[in-house]
Amino acid sequence: MGRVICDLTISVDGYSAGLGQTEERPFGDDGGDGSGGRLHAWMFDTPEENRTEVDRMSAAGAFIMGRNMFGPVRGAWDRRWNGWWGEDPPFHAPVFVLTHHAREPQPMDGGTTYHFVTDGIASALAQARAAAGDGDVAVQGGATTVNQYLAAGLIDELRLHIVPFTLGAGTRLFEGVPPLELEQVTSRSASLVTHVTYRVLP
């Protein structure tokens, strides 16, 4: 069985998104332009410098994400929405989306299929493990979803991409999570980000 891992970009003060999230600005008011904002400039402005980390983010056998990460549609699925990533999302594997509103699976180009899970984080993880086989399961975010898995003791490895500015408010990693013991595995500094990998100890 593979590991349960998490990749998340955060500000130095721990926020994965600022206030004022909209469809045009999915990461809220983070001081940057475009859909990725300032938080994710390291992925889009300096991709070659961070190629190892970018490639590693899409290498899991299955993925889990919260509905807010999947898109801006709230409540019932009264609008067709297939994610932020276009017709060929970067996952190329099953993606399990946590939601309170049932929806049929949505196949996409390139091997990605979105499955909509209405019965909680444990069910999503069980389905993702079955789909991944011996591969890893990646909990993609956002921070609210990651916090639920951390609080339940279900994440083995936490990969944080820390950008050198503060947001002061927004959606914060570790909010409501009991104290954790982390073992640093790797750390690498790049021009716009520092990549730190932690093992979450039992």
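See the structure printed just above.
Keep in mind that this is a model prediction, so the values were computed, not measured.

S.K.: Looking at this structure, I do not really get the overall build of the protein. What am I missing?
M.R.: Looking only at helices and strands, one finds five helices and 11 strands in the protein. Here the protein has a C-alpha radius of gyration of 16 Å; the compact-globule value for 202 residues is 17 Å, and the two agree. Referenced to the eigenvectors of the C-alpha coordinate spread, the extents of the protein come out at roughly 40 × 40 × 35 Å. Here the protein contributes 15 positive and 25 negative side-chain charges, whose respective centroids are spaced 2 Å apart.

S.K.: Please explain the sheet that holds strand β5 (residues 106-107) as it appears in this structure.
M.R.: Adjacent strands of a sheet form backbone hydrogen bonds with each other and so pair up, either parallel or antiparallel. Taken in spatial order, the nine strands of this open sheet run β5-β6-β4-β3-β7-β1-β8-β11-β10, and their pairing is mixed. Pairing within the sheet leaves two strands with one partner each, and these edge strands are β5 and β10 (182-189). Bridge count for strand β8 (residues 157-163) against strand β11 (residues 194-200) is six bridges, and the pairing is antiparallel. Note on β11: the bridge partner recorded for R159 is T197. Sheet strands in contact with helix α4 (residues 121-132) are β1 (4-11), β3 (62-66), β4 (94-98), β6 (113-117) and β7 (137-141), and its direction is about 180 degrees off that of β4.

S.K.: Mind showing me how you'd approach the pattern of salt bridges here?
M.R.: Where charged atoms from two side chains of opposite charge come close, those side chains can pair. The full count for this structure, using the stated rule, is 10 salt bridges. Across the pair E157 and R3 runs a salt bridge, and its minimum N-O distance is 3.0 Å. Remark: R3 occurs in the segment before β1 and E157 occurs in strand β8; sequence separation between them is 154 residues. In this structure, E48 engages R51 in a salt bridge whose closest nitrogen and oxygen atoms are separated by 3.0 Å. Exposure remark for R51: the relative accessible area of 31% places this residue in the partly exposed category. Bridged by salt links that share partners, the residues R3, D7, D136, E157 and R159 form one connected network.

S.K.: I'm lost on the packing of aromatic side chains in this one. Help?
M.R.: A ring pair, where both rings are aromatic, is described by two values, the distance of the centres and the angle of the planes. What the rule picks out here adds up to seven aromatic pairs. Centre to centre, the rings of F70 and W77 are 6.0 Å apart; their planes meet at 80 degrees, and the pair counts as edge-to-face. For the pair F70 and W77, a shared accessibility class is recorded, and that class is buried. Between W81 and W84, the ring centres sit 5.0 Å apart and the planes meet at 80 degrees, which makes this aromatic pair edge-to-face. Looking at W81, the relative accessible area reads 11%, which means it is buried. Site record: aromatic cluster; members linked through ring pairs are F70, W77, Y114 and F116. Taking the ring centre of W77 as reference, the NZ or CZ of R67 above it sits at 3.6 Å.

S.K.: Would you mind showing me how to read the side chain of D13 here?
M.R.: Examined against the element boundaries, D13 turns out to sit in the loop between β1 and β2 (15-17). For the buried D13, no salt bridge exists, and the shortest N-O distance to an oppositely charged side chain is 5.7 Å, to R172. At 2.5 Å, the side chain of D13 and the side chain of S11 are in polar contact. Within polar-contact distance, the side chain of D13 engages the backbone nitrogen of L167 at 3.1 Å. If we skip the residues at most four places from it in the chain, D13 touches F165, T166, L167, G168 and R172.

Each value, and the rule that gives it
Residues numbered from 1 in each chain as written. Predicted model: local features only at pLDDT ≥ 70, side-chain atom pairs only at ≥ 80, totals over all residues. Heavy atoms only, no water. Helix = DSSP H or I, 4+ residues; strand = E, 2+ residues; numbered from the N terminus. Rg over C-alpha atoms; globule rule 2.2 N^0.38 Å. Lys, Arg positive; Asp, Glu negative; His and termini not counted. Charge placed at Lys NZ, Arg CZ, Asp CG, Glu CD. Pairing = 2+ DSSP bridges. Contact = heavy atoms within 4.5 Å. Axes fitted to C-alpha atoms, helices over the stretch in contact; angles between N-to-C directions. Salt bridge = Lys/Arg side-chain N within 4 Å of Asp/Glu carboxyl O. Buried < 20%, exposed > 50% of the residue type's maximum accessible area, 1.4 Å probe, protein only. Phe/Tyr/Trp six-rings, centres within 6.5 Å; stacked < 30°, edge-to-face > 60°. Lys NZ or Arg CZ within 6 Å of the ring centre and 35° of its normal. Polar contact = N/O pair within 3.5 Å; in protein donor to acceptor, adjacent residues only side chain to side chain.

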